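Breakdown of the fold
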Amino acid sequence: MADPFLPASRRALIAGLAAALVASEAAAQEAPPRDPLPSWRDGPVKRAILTTIRRTARAGSPDFVPPAERVAVFDNDGTLWVEQPLYPQLALSVERLKEITARDPALLQRPVVKAAVEGDLATVLSSGERALAELAALASAGMSQVQFNRLVTHWLSTTPHPRFNRPHMRLIYQPMLEVMRLLRREGFAVWIVTGGEQEFVRAFSNATYGVPIERVVGAVTLTEFRLDGARSSALYRLPAIDGVDVGPGKPIGIGRFIGRRPQIAFGNSDGDIEMLQYATSAPGARLGMLVHHDDGAREYAYDRDSHVGRLDRGLGLAQQWGWPLISMKNDWLRVFPAG
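I will try to describe carefully the structure that is included in this document. (Residues numbered from 1 in each chain as written. Predicted model: local features only at pLDDT ≥ 70, side-chain atom pairs only at ≥ 80, totals over all residues. Heavy atoms only, no water.)

Remarks on the nonpolar core
Burial of nonpolar side chains together is a common tendency in soluble globular proteins. In terms of nonpolar packing, the biggest core is built from 66 residues, with F74 and Y209 touching the most fellow members. For Y209, the contacting residues outside a window of four places in its chain are N76, L80, W81, I172, L177, M180, R184, I192 and F204. Of all hydrophobic cores here, the second largest spans 19 residues; its members include V71, I254, I258 and A265. (Core = buried A, V, L, I, M, F, W, Y, C linked by side-chain atoms within 4.5 Å. Buried < 20%, exposed > 50% of the residue type's maximum accessible area, 1.4 Å probe, protein only. Contact = heavy atoms within 4.5 Å.)

Here we look at the environment of G339
Residue position: G339 is located in the segment after α14 (328–331). With 134 residues separating them in the primary sequence, G339 and S205 have C-alpha atoms 20 Å apart. Apart from the residues lying within four places of it in its own chain, the contact partners of G339 are R166 and R170. (Helix = DSSP H or I, 4+ residues; strand = E, 2+ residues; numbered from the N terminus.)

Re the side chain of E197
Relative to the helices and strands, E197 is located in strand β2 (residues 189–197). Polar contacts involving the side chain of E197 include one to the main-chain amide nitrogen of F200, which spans 2.9 Å. In this structure E197 touches Q89, F148, A219, T221 and R237, once residues within four positions along its chain are discounted. (Polar contact = N/O pair within 3.5 Å; in protein donor to acceptor, adjacent residues only side chain to side chain.)

Thoughts on the pairing of strand β6 (residues 287–292)
Taken across its six residues, β6 has six buried, putting it largely inside the fold. Neither face of β6 is open: one carries L287, M289 and V291, the other G288, L290 and H292, and all of them are buried. In this view, the connection linking strand β5 (residues 264–267) to its parallel neighbour β6 by way of helix α12 (residues 273–280) has right-handed handedness. Looking at chain direction, β6 and strand β7 (residues 325–327) are connected through three bridges and run parallel. Looking at the pairing, L290 lines up with L325 of β7. (Right-handed = clockwise from strand over helix to strand, strands pointing away. Pairing = 2+ DSSP bridges.)

Description of the environment of G322
As for its position among the elements, G322 is in the loop between α13 (313–321) and β7. Linking G322 and R181, residues 141 residues apart in sequence, is a C-alpha distance of 24 Å.

A short note on the sheet that holds strand β3 (residues 216–229)
Spatially, β4-β3-β2-β1-β5-β6-β7 is the arrangement adopted by the seven strands of the open sheet, whose pairing is mixed. The strands lining the two open edges of the sheet, one partner per strand, are β4 (232–243) and β7. The sheet shows a mean angle of 35° between the axes of neighbouring strands, direction not considered. Bridge count between β2 and β3: three bridges; the pairing is parallel. Across the sheet, V193 pairs through a bridge with V217, a residue of β3. Packing against the sheet, helix α2 (residues 44–57) makes contact with β5, β6 and β7, and its axis sits at approximately 150° to β6. (Axes fitted to C-alpha atoms, helices over the stretch in contact; angles between N-to-C directions.)

See the structure below:
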């Protein structure tokens with residue numbers, strides 16, 4: 001009951017505010033829920049993502065997975081950011097190798113190093129995943145891990161992409177960021193399982209994707225411990241690798257570092273096939289998806305014939321295994337974040 005001793009104008013103001021609050025609450029209850037994937041066009045691909053998350057995260061669902069066991073994995077190059085015309089780490093490695101070989105020309109006796117320095121990137125890319133990882137290790141050999149992290153973050157935030165003229169860290173895919181946010185909100189542990197070098201991705205994963213460094217699995221460059229002084233020490237990078245994380249190496253890395261089979265996996269190339277097979281070949285609600293680069297206007301169009309992110313076998317296996325193809329052209333309303 002309104003206080004009779006309040007002035008009429010004050011009573012009217014209070015009554016108006018109360019009515020507005022009631023109306024606002026009623027509108028909120030009647031309004032449709034906010035779309036968690038606003039950069040995705042409504043269709044079967046978007047519905048598959050939302051349905052799988054709902055089935056695994058909703059209590060009472062026959063496919064319910066306890067929060068501690070929910071895992072989603074993402075490839076990086078071509079799945080979370082632009083990988084054309086050259087993998088970003090390879091582009092950085094080529095720049096570094098030009099500087100290094102100017103000081104140590106003997107390194108040019110290695111065919112893949114010589115090809116990289118001379119700009120013969122077709123030869124470099126056809127040399128295989130292990131050769132690419134070894135090239136990256138050579139390009140950063142002798143640096144402490146802290147120095148390497150600083151180099152990576154500086155290069156990624158300042159070096160413009162040759163086509164888009166914006167730094168690589170601004171060429172991440174907005175639709176995939178939305179999926180990662182939704183998964184985290186629904187209790188999934190979100191991991192990056194990359195064919196690239198683990199420490200390279202760790203240098204920016206948290207700031208760029210919200211994925212902490214301990215949830216990044218990738219190719220491992222060998223390091224050694226050194227004392228830099230009486231009370232100072234660091235890990236220094238060696239010109240050698242422990243292994244590559246591509247193809248069958250991805251599920252092996254998942255087993256070694258994550259310890260749980262993921263329910264959801266996203267990739268974009270033939271190098272992600274085994275990861276998707278591992279994720280989707282167990283009981284329960286499961287989802288594997290491949291980003292299909294078919295939008296030459298907004299990004300790039302490539303699949304079977306590309307040396308970077310080739311998608312050939314995966315196109316056939318996607319239908320056989322029931323993996324929806326994410327059409328960048330048709331399923332994404334926007335590609336990159338605004339700004």
